[in-house]
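# Observations on the model geometry
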Amino acid sequence: MKISVTILFLVLSIQLLAQLEQPQRFENIQKYTDAEFTPISLEKEGIALFRGTDQYKDRMRSWQVILLDTTLKLKVDTLFTIEKEYSIIGYEYTSGILSLLFQSGEFIKDKVTFCEIDLKNLNINIYSIKTELDLKLSFFSRLKQSILFGGYINNEPAIVLYDLAKGKAQMVPGFLQRNTEFLDMRINLNETFNVVMVEKMAGDNKKIIFRTYDVNGKLLLEDIIETEGSYTILNAISSTLYRDDLLLIGTWGNRSSDRALGFYTTLVNPFEEQKTQRIQFGSLAHYLDYLKPRRADKIKTKTKEAILSGKLYEYTNNTLPYKIVEHNDGFIVLAETYATNSSNNNFYNNPIYNQPWNGPNYYYNPYFPRYGTSRPYQPLTYGQNVAQEPVELKTYSSSLLFVNTKGIIENDYSAKLEDLKISAVRQVSDITYYNDSAIVVYRKKHDILFHKVDLQSSESKKGEAKIKLNDDFDDLRSDDDKDAGIKSWYNNVFYTWGYHSIRNINLKGDKTREVFYINKIVVH
């Protein structure tokens, strides 16, 4: 059944009760002086936890790595050492390997250390990476035996490919272009990688530059996509070739504004000229569901009237696309909407948005929810010579955009995120696609909320559950939800984590424990 038919049931289907299980829970005693753990999905190889410790010796600092299996049973608890001036700035999981990136200094020519953990034999290899390039890091990924570093040299986009075996760095050709912004870099399933840039010149129509390179940095494909000169492209993410076609999606706005007016989409096709397909927020069926119905209806009506008269209704928002899920009938895109109290309101150019780990696009953020007391490394964005002020953000909603095989948004779904306050832009909901169903999950303090849409039977289910504790006699005293998160793990399995203060009257001695926890979540 075509997705255009099944999506209609997001509105019309009977809301049935979905089932959620929490079969296992992991706890680790957390002392007041301990740094926070960063959890990383290893898919069906389990979960990794890492953090810095307060153990120092001979200018070296110890870092702790814990490996759990898919039942959250402890497999490994080990330490490795890195020079103490280094901070963690990125991580990535690839099959059988956990990669951790450390840096001391502003540029990669300063001190960069790469740690490789073999998840099968548990060998830990540490590489000292040396280059002579003044690259301010914005993106990091591993591609086979090489490391990709993306960022800016003198405000011009650049990519460095570092061969771990040979210990050599090379510049990927075709970059160092003035008036160009680096929007996205990500690895495809066929061991190639995509790069998305956009021109920032005034006046004429600006161009989105999409490229695909092989593992050696050789250009395989280039597509130049024109945009209308009166609008600006704010961000972009690309799909990763689960399907044969490549989707680009992001948000767009007026040249005079830093807030988005809506989403744009396009399919990559270097053999034909194509433009982006733009849709305003007020034209989407459910994007505005987080607002009061009267307010949402007014925006939709004003948007429709403006379109009919050939004009633009300027309802704007701060919205980021995070994740593209590819399936046989198209794509599902996860996006989230935020509000900021910053006086300059420059959301997309604030350094809290511009992260040094594959953008903010959900996979590799080592400060999600935050990393201990380390200062998150914030590179300056294009054309920026001073750091922006910190902002406090409030989440509004999580949206699913259903995109067909022609790259057109056909329908959408929205879940209100209960005004969660956060100090940096980070993904707070997640989605998976399993057995022809889209499953979105998010948290509301101590509750897990979820919604499941079967794209074949058109059945819609939703539900919620409390985060399960280990013992019936456990009494939750506090839940530090600002340091909590929830992520897709594998198949229909998710995991959630945070910090609990728990009291159990049946325990002897100290009846209260402070713990870091992970709960396994299965949605049926």
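Bear in mind the structure is a predicted one, so any value in this text is a computation, not a measurement. (Residues numbered from 1 in each chain as written. Predicted model: local features only at pLDDT ≥ 70, side-chain atom pairs only at ≥ 80, totals over all residues. Heavy atoms only, no water.)

Within the secondary structure, Asp-474 sits in strand E34 (residues 474-479). A residue is classified by how much of its surface remains accessible, and Asp-474, at 10% relative accessible area, is buried. Within polar-contact distance, the side chain of Asp-474 engages the side chain of Asn-504 at 2.8 Å. Here Arg-513 takes part through its side chain, which lies 2.8 Å from a polar atom of the side chain of Asp-474. When sequence neighbours within four positions are dropped, the list of residues in contact with Asp-474 reads Leu-469, Ile-502, Arg-503, Asn-504 and Arg-513. (Helix = DSSP H or I, 4+ residues; strand = E, 2+ residues; numbered from the N terminus. Buried < 20%, exposed > 50% of the residue type's maximum accessible area, 1.4 Å probe, protein only. Polar contact = N/O pair within 3.5 Å; in protein donor to acceptor, adjacent residues only side chain to side chain. Contact = heavy atoms within 4.5 Å.)

Moving on: the sheet that holds strand E15 (residues 168-171). What the four strands build is an open sheet, ordered E12-E13-E14-E15; its pairing is antiparallel. Strands with a single pairing partner mark the edges of an open sheet, and in this sheet they are strand E12 (136-143) and E15. Along the sheet, successive strands turn relative to each other by an average axial angle of 25 degrees, direction set aside. Summarising the sheet, E12 and strand E13 (residues 146-153) pair through seven bridges and their orientation is antiparallel. (Pairing = 2+ DSSP bridges. Axes fitted to C-alpha atoms, helices over the stretch in contact; angles between N-to-C directions.)

The next thing to look at is the packing of aromatic side chains. Applying the stated criterion across every chain, the model contains 19 aromatic pairs. The interplanar angle of 75 degrees and the centroid separation of 6.2 Å between the aromatic rings of Phe-80 and Phe-102 together place this pair among those described as edge-to-face. In this pair, Phe-80 is assigned in strand E7 (residues 74-83) and Phe-102 in strand E9 (residues 97-104), connecting sequence segments 22 residues apart. On the accessibility criterion, Phe-102 (0% relative accessible area) is buried. Between Tyr-290 and Tyr-396, the aromatic rings sit 5.1 Å apart at their centres with planes inclined by 15 degrees, giving stacked as the arrangement. Taken together, the residues span a long stretch of sequence, with Tyr-290 in the loop between strand E24 (277-280) and helix H3 (293-308) and Tyr-396 in strand E27 (residues 393-403) at a distance of 106 residues. Taking the relative accessible area as the measure of exposure, Tyr-290 reaches 8% and is therefore buried. Three or more aromatic residues link up through ring pairs in this structure, and these residues are Phe-139, Phe-175, Phe-182, Phe-193 and Tyr-213. Its end group placed over the ring of Phe-175, Arg-211 keeps NZ or CZ at 5.4 Å from the ring centre. Over the aromatic face of Trp-252 sits the side chain of Arg-278, whose NZ or CZ is 4.7 Å from the ring centroid. (Phe/Tyr/Trp six-rings, centres within 6.5 Å; stacked < 30°, edge-to-face > 60°. Lys NZ or Arg CZ within 6 Å of the ring centre and 35° of its normal.)

Another aspect to go through is the pairing of E13. The buried count for E13 comes to eight of eight residues, which makes it a mostly enclosed element. Hairpin remark: E12 followed by E13, antiparallel, with two residues in the connecting loop; positive phi at Lys-144, about 55 degrees. Pairing analysis gives eight bridges linking E13 to strand E14 (residues 156-163), with the strands arranged antiparallel. When the bridges of E14 are listed, Ile-153 appears paired with Glu-156. Linking E13 back to E14 in an antiparallel pair, the connection comprises two residues, with Asn-154 at a positive phi of about 55 degrees.

A few words now on the pattern of salt bridges. Inspection of the entire model under this criterion finds 15 salt bridges. Taking the shortest distance from any N to any O, the salt bridge between Arg-51 and Asp-34 comes out at 3.9 Å. Placement of Arg-51 in strand E5 (residues 47-57) and of Asp-34 in the loop between strand E3 (25-29) and strand E4 (38-41) is noted, with a sequence separation of 17 residues between them. Here Arg-51 falls in the buried class, since its relative accessible area comes to 7%. With a relative accessible area of 22%, Asp-34 lands in the partly exposed category. The salt bridge involving Arg-186 is made with Asp-184; its shortest N-O contact spans 2.9 Å. (Salt bridge = Lys/Arg side-chain N within 4 Å of Asp/Glu carboxyl O.)

Let us now look at the environment of Leu-164. Checked against the element boundaries, Leu-164 lands in the loop between E14 and E15. What makes Leu-164 buried here is its relative accessible area of 6%. In sequence terms Leu-164 and Tyr-127 are 37 residues apart; their C-alpha atoms lie 7.7 Å from each other. Those residues in contact with Leu-164 that sit more than four places away from it in its chain are Phe-114, Glu-116, Tyr-127, Arg-142, Gln-145 and Ile-147.

Bringing a positive patch on the surface into the picture now. Taken together, the side chains of Arg-294, Arg-295, Lys-298 and Lys-302 define a basic patch exposed on the protein surface. Topologically, Lys-298 is positioned in helix H3. (Patch = residues over 30% accessible without salt bridge, like charges linked within 9 Å, V, L, I, M, F, W, Y side chains within 5 Å. Areas by Shrake-Rupley, 256 points an atom, 1.4 Å probe, with all protein chains shown as cover. Lys, Arg positive; Asp, Glu negative; His and termini not counted. Charge placed at Lys NZ, Arg CZ, Asp CG, Glu CD.)

Across the eight residues that make up strand E10 (residues 111-118), a large majority, six, are buried. Relative to E10, E9 is paired through eight bridges, and the arrangement is antiparallel. By the bridge assignment for E10, Phe-102 is matched with Thr-113. Where E10 and strand E11 (residues 124-129) come together, six bridges link them in antiparallel fashion.

Further remarks concern H3. For H3, with 16 residues, the first-to-last C-alpha span of 23 Å sits near the 22 Å given by 1.5 Å per residue. Considered for burial, the residues of H3 that qualify are Ala-296, Ile-299, Thr-303 and Ala-306. Along the axis of H3, the buried residues cluster in a sector spanning 95 degrees; they form a single face. Exposed residues pointing more than 90 degrees away from the buried face of H3 are listed as Pro-293, Arg-294, Lys-304 and Leu-308. Of the surrounding elements, those touching the buried residues of H3 are E24. (Expected span 1.5 Å × (residues − 1). Arc of directions from axis to C-beta.)

This next bit is on the sheet that holds strand E16 (residues 180-187). Pairing is antiparallel in the open sheet, where four strands are placed in the order E16-E17-E18-E19. Of all the strands in the sheet, the pair left with one neighbour each is E16 and strand E19 (219-226). Direction aside, the axes of adjacent strands within the sheet are offset by 15 degrees on average. Sheet topology note: the strand E18 (residues 207-213)/E19 ladder contains seven bridges and is antiparallel. The residue bridging Arg-211 from the neighbouring strand is Glu-222, located in E19.

Functional significance is not addressed by these values, which are geometric in nature.
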